[in-house]
Amino acid sequence: MTAQTTAHPAGALAGLTVIETAERVSGEYTAKLLADLGATVIKIEAPGGAPTRRMGPFKAGESALFAYLNANKKSVVLDLANPGERALLDRLLARADALVDDHDEPWAETHALSPAVIAQAHPRLVHCIVTPFGQGAPPEWQTARPINVINAGGWAYHSPSETPNDKPPLKGAGRFLSDYEAGIDAALCVMASLLRQRRTGMGQFIDISEVEVQLNRIDCVLDRMIAGEADPSAARTAYDMGGPGTSFACKDGHVFLFMTTRGHWNALRGLMGDPAWAREFREDWLEFDCVPANVARFRQHFAAWIAGQDKLPITEAAQKAGVAMVPVNTAADLPRHEQFEHRGFFQQAGHPVFGPVAYPTACYRMSATPVRIASAAPALGADNREVEASDADA
Amino acid sequence: MPMRDRGGPLQGVRVLEITKVWAGPYAGKMLAHLGAEVIKVESMTNLDEMRAYGGVDIDSAPYFLSINQEILSVQVNMKTPEGLDLVKQMVAQSDIVIDNIRPGAMARSGLDYESLRKIRPDLIQCSIKMWGSDGPLGYQTGYAPCFAALSGLTALVGHEGETPRGMNIRYGDSTAGACAALACIAALHHRESTGEGQFIDLSAVETMTSLVGDSLFGWSVTGEVPHSDGNFHPEMCPHGAYPCAGVDWTSIAVANEAEWQGLCEVLDAGDLAADPRFATLAGRLANRHALDAALAGLTRAHDAAELAEKLRNAGVPAFKSMSSIDLATDTFLWAREAYRMVSDHRTGSRPIIGPSWRISPDPPRVERGAPLLGEDNQYVYRDILGLRQDEIDDLIARKVID
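As the structure is a computational prediction, the values presented were derived from the model and not from experiment. (Residues numbered from 1 in each chain as written. Chains lettered and ligands numbered in written order. Predicted model: local features only at pLDDT ≥ 70, side-chain atom pairs only at ≥ 80, totals over all residues.)

Bringing the domain arrangement of chain A into the picture now. The domain architecture assigned to chain A consists of domain 1 (17-217 + 342-393) and domain 2 (246-330). Just the C-alpha atoms count here: the centres of domain 1 of chain A and domain 2 of chain A sit 42 Å apart. (Domains from an automatic or database assignment.)

Here's what the structure looks like:
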């Protein structure tokens with residue numbers, strides 16, 4: 001924000017080169033985080049292209065998923081089964097700073113990309129492999145897909161809160177929630193190790209377990225159970241907090257209400273015009289009388305009242321009154337939402353097939369190195385010529 | 001002059017955290033578990049609620065112990081001018097400052113970025129707030145399930161045809177902390193390249209939004225608004241959790257013909273394999289409710305873990321839906337050190353949820369449990385700030401160190 005304020009300041013990772021051999025979303029997202037922070041990411045694609053090029057949604061034959069995950073990257077097609085092309089990958093690795101992969105161990109062995117081989121051939125390289133269960137897990141476990149990972153890690157069993165035994169555990173939002181969570185840890189570790197590389201000139205191997213990311217995100221609930229301070233159980237409610245907080249249907253969508261204190265309760269009573277049913281509750285019921293029967297009785301009355309309200313006016317009034325009630329926003333609500341607009345979370349950028357599109361970016365606004373969508377996802381092999389030419393020069 | 005050599009890629013990086021509850025402390029934990037020296041500013045006059053939950057001794061509060069391993073604790077009363085001056089001296093010796101206190105509170109204490117960069121010009125400061133640090137709604141505060149609802153994520157999680165109730169109510173804080181740690185390390189790279197620090201303004205709402213980025217981008221491209229869809233997957237079928245013996249469930253994801261045949265074989269479901277409605281992925285997707293019901297009838301008799309193992313051995317991705325008792329007693333997770341032991345002041349040692357990473361060579365060591373309140377006062381005041389013992393004693397007597 002000072003010395004180098006230009007139209008487009010360089011990203012935080014400017015000057016660093018990352019090779020991506022990933023073929024699942026977890027590794028692809030790891031490298032996306034690094035690319036959006038300014039690293040040069042060279043995506044190695046097999047002939048025929050990355051699997052996500054063939055995953056929807058599509059428009060005019062192009063995958064929106066691929067376009068989202070691979071903006072700011074370069075694409076180089078290499079047939080790693082071909083010794084000549086595998087040798088080119090080695091020369092790319094020799095000049096790169098990090099390698100991001102998400103294949104299982106047999107694939108890494110077959111392609112001479114195992115941790116041991118890389119450490120021997122490229123000791124300066126930071127090498128990260130993201131897998132469902134981490135290195136050393138049984139091979140048949142490593143084919144787990146995101147729905148298997150989020151079930152193996154416990155979040156599915158406990159989501160949504162209060163799900164009864166006869167309803168299935170849920171996969172979470174969208175198709176790739178556990179991949180994105182793992183990508184955050186992987187990108188964090190790669191960048192941390194790259195700092196060490198600056199100091200020591202040496203690389204490291206980073207083994208990320210997607211399931212262990214899931215466990216880590218619930219540390220202050222699950223750890224109390226493994227430490228014997230809370231009882232683990234088969235209850236679907238084992239992660240819940242109790243209390244009346246949940247989503248409710250209103251006139252034009254849904255709201256989420258969270259209440260834990262007498263202050264919340266009094267504010268809500270005021271917001272509702274202090275109906276007679278509310279006066280039957282103790283003022284401090286949330287703190288001292290928050291039993292399931294009261295929660296159910298509250299929800300029944302509240303649901304009837306909120307069903308007649310519009311989500312934006314009532315949640316705005318709630319915020320002003322000190323009630324933690326918010327709209328359950330949908331995809332269509334966000335790009336024109338005043339706070340998202342203020343922060344520039346969605347960036348309009350071009351795509352050769354889609355035209356201008358609103359790209360969701362990062363949750364961190366960095367004053368000196370803002371995240372920027374500088375280039376659309378590459379066409380298959382778009383950068384082969386450039387990479388081969390620079391290889392010849394080298 | 002770090003307190004002790006813990007190894008790891010962030011060895012030599014010092015972080016000061018002015019944080020409470022979960023998101024901020026989680027950011028500090030992530031950095032500490034990578035080898036950074038992370039100092040938590042604490043005070044009896046403004047205690048982290050996590051030291052109080054459960055109504056127990058503030059030095060052995062389970063919530064606090066479960067997050068703050070390898071964190072150092074220094075006591076300072078930030079409600080006194082002298083205390084604030086000491087915090088500023090600590091900032092001057094730190095690479096990164098992280099906070100997640102109420103909007104405006106850092107500025108009111110003179111700890112905003114513009115003030116702190118005068119003390120430490122190359123400082124990296126990260127503030128975690130529900131909506132970020134400014135903007136029309138920047139003043140608002142909230143709880144994790146609120147920011148998940150605001151973010152677009154909750155709208156995508158629910159059983160089909162029902163009110164979207166979102167992820168478990170605990171979801172959100174820890175991920176916001178992880179993203180804060182990520183951004184801080186990115187900023188260290190920029191500092192290495194240019195010598196310049198920066199301010200990182202993190203929105204917890206947007207953290208959740210970034211986890212549904214592909215759905216939002218898809219909407220922008222196709223105009224189709226995504227909704228909560230149970231366990232539906234447009235490219236896999238069957239795809240879901242299927243009921244097993246007792247209250248258990250097993251997740252199954254079938255992406256191709258071989259996996260479909262493998263599933264039918266394990267379930268001895270020749271009639272499903274032969275049913276023309278289910279012969280292709282398109283057919284299975286079109287008839288998925290009938291298919292899911294038929295499969296549920298077949299899976300219900302099986303033990304969830306045994307069925308998942310049989311399916312995996314037949315090449316079908318499957319895994320038991322793990323409850324908290326399953327997770328806490330899982331031999332694979334214990335053997336892999338997903339849970340590991342750290343020191344504990346009360347009982348000698350305590351199991352914790354270890355980091356998701358293994359790094360070698362030079363791994364970061366995670367050995368020390370959460371600190372006692374003020375456990376590292378001497379280290380911070382004497383070794384880092386260079387105060388004499390009589391000065392420290394005086395600050396304690398006057399409750400500046402409290």
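After that view of the structure, there is still more to cover.
Moving on, we get to the nonpolar core. Counting residues in hydrophobic clusters, the biggest one holds 245 residues, and the most contacted among them are Val-190 of chain A together with Ala-183 and Cys-184 of chain B. With 13 residues, the single largest contributor to this core is helix H7 (residues 177-200) of chain A. Look past the residues within four positions of Ala-183 of chain B in its chain and what remains in contact with it is Tyr-364 and Met-366 of chain A together with Cys-126, Ile-200 and Leu-202 of chain B. (Core = buried A, V, L, I, M, F, W, Y, C linked by C-beta atoms within 7 Å. Buried ≥ 20, exposed ≤ 12 C-beta atoms within 10 Å, placed from the backbone. Helix = DSSP H or I, 4+ residues; strand = E, 2+ residues; numbered from the N terminus. Contact = placed C-beta atoms within 7 Å.)

Every contact between the two is made by 126 residues of chain A and, on the other side, 117 residues of chain B. Per-element accounting of the side of chain A that touches chain B gives the leading share, 15 residues, to H7 of chain A. When grouped by side-chain class, the residues that make up the side of chain A that touches chain B number 74 nonpolar, 31 polar and 21 charged. (Nonpolar A, V, L, I, M, F, W, Y, C, P; charged D, E, K, R; others polar.)

On to the sheet that holds strand S5 (residues 73-77) of chain A. The seven strands are arranged S5(A)-S2(A)-S1(A)-S6(A)-S7(A)-S8(A)-S12(B) in an open sheet whose pairing can be described as mixed. What marks the edges here is a single partner per strand, and that holds for S5 of chain A together with strand S12 (357-360) of chain B. Taken pair by pair, the neighbouring strands of this sheet meet at an average axis angle of 20°, ignoring direction. For strand S6 (residues 98-101) of chain A and strand S7 (residues 126-131) of chain A, the ladder comprises four bridges, and the chain directions are parallel. By the bridge assignment for S7 of chain A, Leu-99 of chain A is matched with His-127 of chain A. Packed onto the sheet, H7 of chain A meets S6, S7 and strand S8 (205-209) of chain A together with S12 of chain B and runs at close to 165° relative to S7 of chain A. (Pairing = 2+ DSSP bridges. Axes fitted to C-alpha atoms, helices over the stretch in contact; angles between N-to-C directions.)

Consider a sheet: its strands pair through backbone hydrogen bonds, and that pairing is either parallel or antiparallel. Taken in spatial order, the seven strands of this open sheet run S14(A)-S6(B)-S5(B)-S4(B)-S1(B)-S2(B)-S3(B), and their pairing is mixed. Where the open sheet ends on each side, the last strands, each with one partner, are strand S14 (364-366) of chain A together with strand S3 (71-75) of chain B. Each adjacent strand pair in this sheet contributes to an overall mean axis angle of 20°, direction not counted. Looking at chain direction, strand S1 (residues 14-18) of chain B and strand S4 (residues 96-99) of chain B are connected through four bridges and run parallel. Counterpart to Val-15 of chain B in the pairing with S4 of chain B is Ile-96 of chain B.

Right, let's talk about helix H10 (residues 257-266) of chain B for a bit. Residue and element names in this part refer to chain B. All buried positions along H10 are accounted for by Glu-259, Trp-260, Gly-262, Leu-263, Cys-264 and Val-266. On its buried face, H10 is in contact with strand S8 (249-253), helix H11 (270-274) and helix H14 (304-313). Immediately downstream of H10, the backbone of Asp-268 shows phi near 55°, a positive value.

Looking now at the environment of Asp-102 of chain A. Residues and elements named next belong to chain A. Relative to the helices and strands, Asp-102 resides in the loop between S6 and helix H4 (105-110). A C-alpha to C-alpha distance of 8.5 Å links Asp-102 and Val-25, two positions 77 residues apart in sequence. Ignoring sequence-local partners within four residues, the contact set of Asp-102 consists of Ala-22, Glu-23, Arg-24, Ser-26, Gly-27, Ile-129, Val-130 and Thr-131.

This part takes up the environment of Gly-240 of chain B. Assignment of secondary structure puts Gly-240 of chain B in strand S7 (residues 239-243). Spatially, the C-alpha atoms of Gly-240 of chain B and Glu-306 of chain B are 17 Å apart, while their sequence positions differ by 66 residues. The contacts of Gly-240 of chain B, once residues within four sequence positions are left out, are Pro-168 of chain A together with Asn-231, Ile-252 and Asp-292 of chain B.

The next thing to look at is the domain arrangement of chain B. Assigned domains within chain B: domain 1 (14-211 + 337-397) and domain 2 (239-323). For domain 1 of chain B versus domain 2 of chain B, the separation of C-alpha centres amounts to 43 Å.

At a minimum axis separation of 9 Å, H7 of chain A and helix H7 (residues 173-194) of chain B run at an interaxial angle of 25°. When the axis of H7 of chain A is compared with that of H7 of chain B, the two are roughly parallel. By crossing handedness, the relation of H7 of chain A to H7 of chain B is classed as left-handed. Side by side, H7 of chain A and H7 of chain B meet where Glu-181, Ile-184, Asp-185, Ala-187, Leu-188, Met-191, Ala-192, Leu-194, Leu-195 and Arg-198 of chain A of the first sit next to Thr-175, Ala-178, Cys-179, Ala-181, Leu-182, Ile-185, Ala-186, Leu-188, His-189 and Glu-192 of chain B of the second. Its residues assigned to classes, the contact of H7 of chain A with H7 of chain B comprises 14 nonpolar, two polar and four charged. (Parallel < 35°, antiparallel > 145°, perpendicular 65-115°, else oblique. Left-handed = near helix turned anticlockwise from the far one by under 90°.)

Turning our eyes to something else, we now look at unusual backbone geometry. That bond from Ser-159 of chain A to Pro-160 of chain A is cis: its omega, -15°, falls within 30 degrees of zero. Within the secondary structure layout, Pro-160 of chain A lies in the loop between helix H6 (146-152) and H7. Of note, the phi angle at Asp-362 of chain B is positive, near 60°, even though the residue is not glycine. With respect to the helices and strands, the residue Asp-362 of chain B is situated in the loop between S12 and helix H17 (377-384).

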